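Read off the chains here:
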Amino acid sequence: TRLGLPEVKVGLFPGGGGTQRIARIVDPQNTMTILLKGDQLKLDKAKALKLVDAIVPADQLISAAKEWIKAGGKAVAPWDEKGFKLPGGPVFSKQGMMMFPAGNAIYRRETYDNYPAARAIMSCVYEGLQVPMDVANRRVTELDHANRLRVSFAVTLAHRPQVVVVDVPYVADASTLFTTYSEVLQDLSRETPIAWVVTTDSLAVAADIADDVMVMLDGRVVEQGSVYDICLRPAMPYTRDLLLVTPRPHRALPDYPAFVDLASHGGCPWVLNCREALTAQCAQQPPALRIVGPGHEAACYLAGQHG
């Protein structure tokens with residue numbers, strides 16, 4: 001029996017159990033060795049590093065656990081105890097400064113920054129040791145999601161497609177999710193000469209990663225153009241309303257009346273929500289796409305009348 005965290009060998013990285021718990025039990029140098037090499041440890045070495053409390057035969061495991069409880073074993077983790085100190089001292093201590101800058105340089109020298117999992121491990125340990133455990137685990141979750149995205153995209157790109165379609169789901173507190181998708185897609189779009197088609201409910205994603213944007217409503221294209229035209233010079237009221245309610249980090253949403261159902265008649269589908277509607281015309285006949293500017297079209301009777 002051996003103990004190890006081999007995830008880095010297959011392009012993944014351990015979660016909070018590896019990058020946070022081990023870093024609070026073992027000194028930084030041994031922590032990085034365990035996580036970045038992915039080697040298996042013999043049990044006597046694991047016990048010496050305090051990664052395991054005791055080594056017992058499998059048939060004595062339950063009885064040994066009961067004896068540990070009777071002897072006063074605590075259910076509280078060491079890092080949750082008042083006065084807990086990190087094995088290697090704080091990140092910005094003398095020992096920490098000897099470890100982390102040098103470790104980052106060695107990582108880049110050895111990998112040329114081509115191993116995102118190893119970079120994520122170092123980031124998790126470095127950032128996680130500066131904050132409480134629960135905060136650190138949230139950071140691990142963010143990086144883990146990005147890593148899984150990269151793996152799933154890598155499987156897709158192995159088939160050498162010419163076009164990849166990606167759906168970015170909408171969630172209420174979306175800033176972290178959007179940032180994760182944006183960072184991954186930006187990296188991959190630079191590395192792979194293929195077309196990316198991204199569907200999303202938020203223009204925040206489009207603003208980060210798109211060259212051209214097509215806005216659809218009720219199955220119809222209501223505006224299309226460059227990302228700059230759509231996000232900075234929207235001509236369709238629906239697009240402007242989307243921008244108003246787009247979640248962004250550290251920005252509260254404005255007070256805005258709840259949208260009602262889309263119009264069920266043959267007119268513009270946004271007429272019941274539009275504050276600029278020409279009542280009769282918009283309610284009776286859906287506007288066709290009209291040219292607003294070079295490469296910019298909008299399905300609105302008022303398109304082109306806004307500065």
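To start, this report covers the structure provided alongside it. (Residues numbered from 1 in each chain as written. Predicted model: local features only at pLDDT ≥ 70, side-chain atom pairs only at ≥ 80, totals over all residues. Heavy atoms only, no water.)

Tallied over the entire structure, the rule returns three aromatic pairs. Summarising the aromatic geometry, the rings of Phe-92 and Tyr-126 are spaced 6.3 Å apart at their centres and angled 70° between planes, so their arrangement reads as edge-to-face. With Phe-92 in the loop between helix H4 (61-70) and helix H5 (94-111) and Tyr-126 in helix H6 (residues 116-128), the pair connects residues that are 34 residues apart, well separated along the chain. Accessibility expressed as a relative area gives 30% for Tyr-126, which makes it partly exposed. Each residue in the set Phe-92, Phe-100 and Tyr-126 is aromatic and connected to the rest through ring pairs, giving one cluster. (Phe/Tyr/Trp six-rings, centres within 6.5 Å; stacked < 30°, edge-to-face > 60°. Helix = DSSP H or I, 4+ residues; strand = E, 2+ residues; numbered from the N terminus. Buried < 20%, exposed > 50% of the residue type's maximum accessible area, 1.4 Å probe, protein only.)

For the α-helix, the turn length of 3.6 residues means that residues three or four positions removed from each other point alike. The terminal C-alpha atoms of H5 lie 26 Å apart, and with 18 residues this matches the ideal 26 Å at 1.5 Å per residue to within 8%. Those residues of H5 that sit buried are Gly-96, Met-99, Phe-100, Gly-103, Tyr-107 and Thr-111. Within two residues after H5, Tyr-112 carries a phi angle of roughly 55°, on the positive side. (Expected span 1.5 Å × (residues − 1).)

This structure, assessed with the given rule, holds seven salt bridges. When the shortest N-O distance is used, the salt bridge between Lys-70 and Glu-67 registers 3.9 Å. Of the two residues, Lys-70 and Glu-67 are both situated in helix H4; the distance of three residues between them amounts to about one turn of the helix. What makes Lys-70 exposed here is its relative accessible area of 66%. The class of Glu-67 is partly exposed, set by a relative accessible area of 48%. (Salt bridge = Lys/Arg side-chain N within 4 Å of Asp/Glu carboxyl O.)

For the rest of this paragraph, the subject is unusual backbone geometry. The general pattern is negative phi for most residues beyond glycine and trans for most peptide bonds. Despite not being glycine, Lys-50 shows a phi value in the positive range, around 70°. A residue is classified by how much of its surface remains accessible, and Lys-50, at 63% relative accessible area, is exposed. Here the phi dihedral of Asp-218 falls at roughly 55°; this positive angle occurs in a residue that is not glycine. Structurally, Asp-218 can be placed in the loop between strand S5 (212-217) and strand S6 (220-226).

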